[in-house]
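Per-entry structural report
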Amino acid sequence: MVPLSLTLVGLLPVFLMLLVFPGGSLPVPLAAARLLLGLVVVLFCPGYAAQAALFPRRNTAGGVERLALSVGISLALVPLLALMLDQLPWGIDLGSVVGAEAGATLMTVALAWMRWRHLPPDSRWEWGIPWGDLASGPGTRSRFGLWAGLTVVLVLGLALLLIVLRLAGWGEPVTEFYLLDPERRAESYPYRGVVGEPVAVMVGIVNRERMPVDYRLEVVDGENLLGQAGPVYLSPGAAYEGPVSFTPVRAGDRVRVMFILYRNGLPVPYRTLWLWLEVAE
Amino acid sequence: MRNLQSRYPTGWHILLLAGYVLLAAGYVSARFLWNWTSTDDARLTVAAEYLYAEGTIVPTETYPFGYAYPALNTFLSHLTGLSIRTLQVFVQPFLVVLLVPLAFAAYRNLMGDPAIGALAAMMLFLQPEFLFEAARSSHAKLTWAMALGLLYALAASFRDAEAGKPIGRWVVISYLFAFGLTTSSAFFASSYLFAIACAFVGWQVWQRWCRRQAHRGFPLTRLLYVVLSCSVLLLAMLLWLRPDLRPVVVTVHDIVPYLTRRQESMQAYRSVWERWLDTLATQALARADALIADSAYTRETIVQALRYPAERIRVVPLGVDHTLFRPRPVPPEFDARYGLDPGRRYVLYVGSENPRKNLPFLVRAFARLHQALPDVHLIRVGAVQYLPQARTLQEQIERAGLANAVLHYSSVPDEDLALFYNRADLFVFPSLYEGFGLPVLEAMACGTPVVCADAASLPEVAGDAALRVSPSDEEGWADAMGRALTDLRLREELRARGLEQARSFTWERTAEETVRVYTIMTT
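1. Focus on the overall build of chain B
The secondary structure content of chain B amounts to 24 helices and nine strands. Expressed as a percentage of its 523 residues, the buried residues of chain B come to 44%. Taking as baseline every contact in chain B between residues at least 6 positions apart, the subset at least 24 positions apart corresponds to 71%.

2. Let's talk about the packing of helix α9 (residues 140–162) of chain B against helix α10 (residues 168–184) of chain B
All names here are of chain B. It is the contact of α9 with α10, at a shortest axis distance of 8 Å, that shows an interaxial angle of 160°. On the basis of the axis angle, α9 is roughly antiparallel to α10. As α9 packs across α10, the resulting crossing turns out to be left-handed. Taken together, the residues of α10 that come into contact with α9 (itself represented by Leu142, Thr143, Met146, Ala147, Gly149, Leu150, Ala153, Leu154, Ala156, Ser157 and Asp160) are Trp170, Ile173, Ser174, Phe177, Ala178, Gly180, Leu181 and Ser184. Partitioned by chemical class, the residues of the contact of α9 with α10 number twelve nonpolar, six polar and one charged.

3. Observations concerning the sheet that holds strand β1 (residues 174–180) of chain A
Residue and element names in this part refer to chain A. Pairing in this open sheet of three strands is antiparallel, and the strands run β1-β3-β6 from one edge to the other. The open sheet has two edge strands, β1 and β6 (239–246), and neither has a second partner. Going from strand to strand, the sheet's axes swing by 25° on average, the running direction of each strand aside. As paired strands, β1 and strand β3 (residues 199–208) are joined by seven bridges and run antiparallel to one another. Counterpart to valine 174 in the pairing with β3 is arginine 208.

4. A look at the environment of Asn59(A)
Note on placement: Asn59(A) falls in the loop between α3 (45–54) and α4 (63–87). Separated by 65 residues in the primary sequence, Asn59(A) and Arg124(A) have C-alpha atoms spaced 9.2 Å apart.

5. Re the interface of chain A and chain B
Taken together, the contact between chain A and chain B spans 53 residues of the former and 57 residues of the latter. Among the elements of the structure, α2 (28–43), α4, α5 (94–117), α7 (140–168) and β1 of chain A are those that each provide at least two residues to the side of chain A that touches chain B.

6. Some remarks on the sheet that holds strand β8 (residues 271–280) of chain A
Residue and element names in this part refer to chain A. Taken in spatial order, the five strands of this open sheet run β2-β8-β7-β4-β5, and their pairing is mixed. Two strands close off the open sheet at either side, each with one partner strand: β2 (192–194) and β5 (224–234). In this sheet, adjacent strand axes meet at a mean angle of 30° when their direction is disregarded. Two strands pair when backbone bridges link them, and β2 and β8 are joined in this way by three bridges, in the parallel orientation. Among the inter-strand pairings, valine 194 is bridged to a residue of β8, identified as alanine 280.

7. Some remarks on the environment of Ala24(B)
Residues and elements named next belong to chain B. Examined against the element boundaries, alanine 24 turns out to sit in helix α2 (residues 10–32). Since 22 C-beta atoms lie within 10 Å of it, alanine 24 is described here as buried. It is 8.3 Å that separates the C-alpha atoms of alanine 24 and phenylalanine 132, two residues lying 108 residues apart in sequence.

8. Considerations on the pairing of strand β7 (residues 426–429) of chain B
Residue and element names in this part refer to chain B. With burial as the criterion, each face of β7 is covered, one bearing Leu426 and Val428 and the other bearing Phe427 and Phe429. The pairing of strand β4 (residues 345–350) with β7 spans two bridges and is classified as parallel. Considered in β7, the bridge of valine 347 is made with leucine 426. What joins β7 to strand β8 (residues 450–453) is helix α20 (residues 438–445), and the crossover it makes is right-handed.

9. Focus: the environment of Ala466(B)
Residue and element names in this part refer to chain B. Relative to the assigned elements, alanine 466 resides in the loop between α21 (458–462) and β9 (467–469). Under the C-beta neighbour-count criterion, alanine 466 is labelled buried, with 29 such atoms within 10 Å. Here the alpha-carbon distance between alanine 466 and alanine 484, two residues 18 residues apart in the chain, equals 9.5 Å. Not counting the four nearest positions on each side in its chain, alanine 466 is found in contact with Val440, Val450, Val451, Cys452, Leu494 and Gly498.

10. Re unusual backbone geometry
Residues and elements named next belong to chain B. Here the phi dihedral of arginine 307 falls at roughly 60°; this positive angle occurs in a residue that is not glycine. Here arginine 307 lies in the loop between α15 (296–306) and β3 (313–315). By C-beta crowding, arginine 307 is classed as partly exposed, having 17 other C-beta atoms within 10 Å. A positive phi is found at alanine 456, a non-glycine position, where the angle reads about 50°. Secondary-structure assignment places alanine 456 in the loop between β8 and α21.

Cut-off values and rules
Residues numbered from 1 in each chain as written. Chains lettered and ligands numbered in written order. Predicted model: local features only at pLDDT ≥ 70, side-chain atom pairs only at ≥ 80, totals over all residues. Helix = DSSP H or I, 4+ residues; strand = E, 2+ residues; numbered from the N terminus. Buried ≥ 20, exposed ≤ 12 C-beta atoms within 10 Å, placed from the backbone. Contact = placed C-beta atoms within 7 Å. Axes fitted to C-alpha atoms, helices over the stretch in contact; angles between N-to-C directions. Parallel < 35°, antiparallel > 145°, perpendicular 65-115°, else oblique. Left-handed = near helix turned anticlockwise from the far one by under 90°. Nonpolar A, V, L, I, M, F, W, Y, C, P; charged D, E, K, R; others polar. Pairing = 2+ DSSP bridges. Right-handed = clockwise from strand over helix to strand, strands pointing away.

These figures capture arrangement, not role.
Okay, structure coming up:
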């Protein structure tokens, strides 16, 4: 008979497949189930089965150590599986990732089961929470005290966290400032230019300052102003993404073009970004 | 100590520690929310999004130190259904709790006592810098998980070795963690693995010469095996990552299948085998010292899609065999051999029915032309390579009532191909993607006017010697073909310009420039 925990660990990726493969958007409870299952299948299942296969005997590793191995091996398997999928024709996509995680888990579950069933019944390891040890036996009173203490500490911690967040606010005031290529991707940035010919990029600004802000953008190369944009008025939470072009004025192999964001008419640069360009005459 | 070990409930410690770490992660997540975009977490997000979108771990300039964290985010994103950004902001900070059991296991085995192990793990997480570093949405927690896991596996192997138990499985686990560490942060891993190897060698020396009496039975050979196997692993990784010592130059005609791999209609790969070969080829390109591209377009696609440095790609155009492809009279028996009508005008296309060649479009444009000029017929020369597309094309031709106006010659000798170019009144080439477009030049070399697509490499190959029209503008194509067939002055102009354009492409020039690239690479 297959141990309960191994059966469960082997079944979880299968449940996940049932949620993932029909496609389309899931209702909230099923989406939540997918979130939890996804986390457990990537971060726990393959490692759990692997440690059960490596240490099928009772008393060869402690409970926390087995947990550490489950998590650690699951994490370490991710780059290995990614490398394998990358070398295989299918690449790394939804189907191949689910297949790889499920395959790795089921194979190690099978291995663990084979090793486990060859052991004498009394030396086989089986996962279980020692509820009995926690609630009764010698030292029950002190354990009860620890439970209570632990609960109090965690509740106090949570309360403190909420108070701090209440005082300091959720999220630090910040302005997201980023560049994209003309097709709105964070890659393929221009890396070459010609003196006198305009170069275009997309600039993104997201106001998370919790107050309305007037932004202004300057594109400079040292002392030379190459282009400017704005003012852009953004209410809290609002975002702006738009093209900005600038014209290089001097040639060089590594010309640093600075994008400087100013706010509310202040002369001090608030955020800066830069691009390195190879500029030809 | 024995009493303490047996009575001390370390489980509580671990639970408390996990609760504290989760609270701290909640704080980091709530306070920093979107601010991660201004740190290196943003670069990792971009790298993970790239991996997610492209489905490959071809290294990007965005984050060159290792692919493990982007891979982890991609796996989680696929399986949980959350976007990479949501994962980064709301989930990754909480995963720091995974370090708790690993830290405890590592310290417990290093200290040999669970209570002291739990205390040491707690001390680790009480360091604000460590906690913040690990709770951030960067690769730090994965790197630390692998580092602590490696420490744990090696310490546990000592424990088992001292007890006379086999340690083979710990060696396997060490390999796994060392691999994970190397792929998570190559920079950190090189010094960490080296430090661990040094520590073990030092410890071994200590055991062997200074404490020989106390540990007479210690299995040194096994310990040595652990150290050596880790070093071999590291060496293997370095060799794998290291390029070949001899310079490698690769000529790339195009990477069109790779570019169009996500476009269903392009049918870039017809079999798993083709897809695999292309994956290998693209990876090999990334490791070459220099590339030779047929066209500036191919060069740009390599730079954009594979992130290959532009300065290491030289454009060397292909050439035309001017002894074979030249203007010459077509003997009357040629028409008879291929069943052509001597009094009829022909439009020629040379190539396969590969979806990127855009043949269904050509048939539609030709149908419009045929309505205006019914005497004009279309000839296609080229073997059938894509059977389903060939069938669909034939059906389309029949539906359009062009069955008698479209001729197909599967394969013809080179000598006859040159005569087809000469016989044709117009050559057409409507490709959506081309790495070069040799038939365009061959037609020009024979003095045939050309209408081609204004796409991919064709503008640079055809220059202004052809009528270039967007490969999606049917009306524009029908109009251009009509003009190129009927406007005598335009025909003469295209012919003269085409001959001039083709003259600049010779195989001698291709050979000279290719040799130059190889000479530069070897000297």
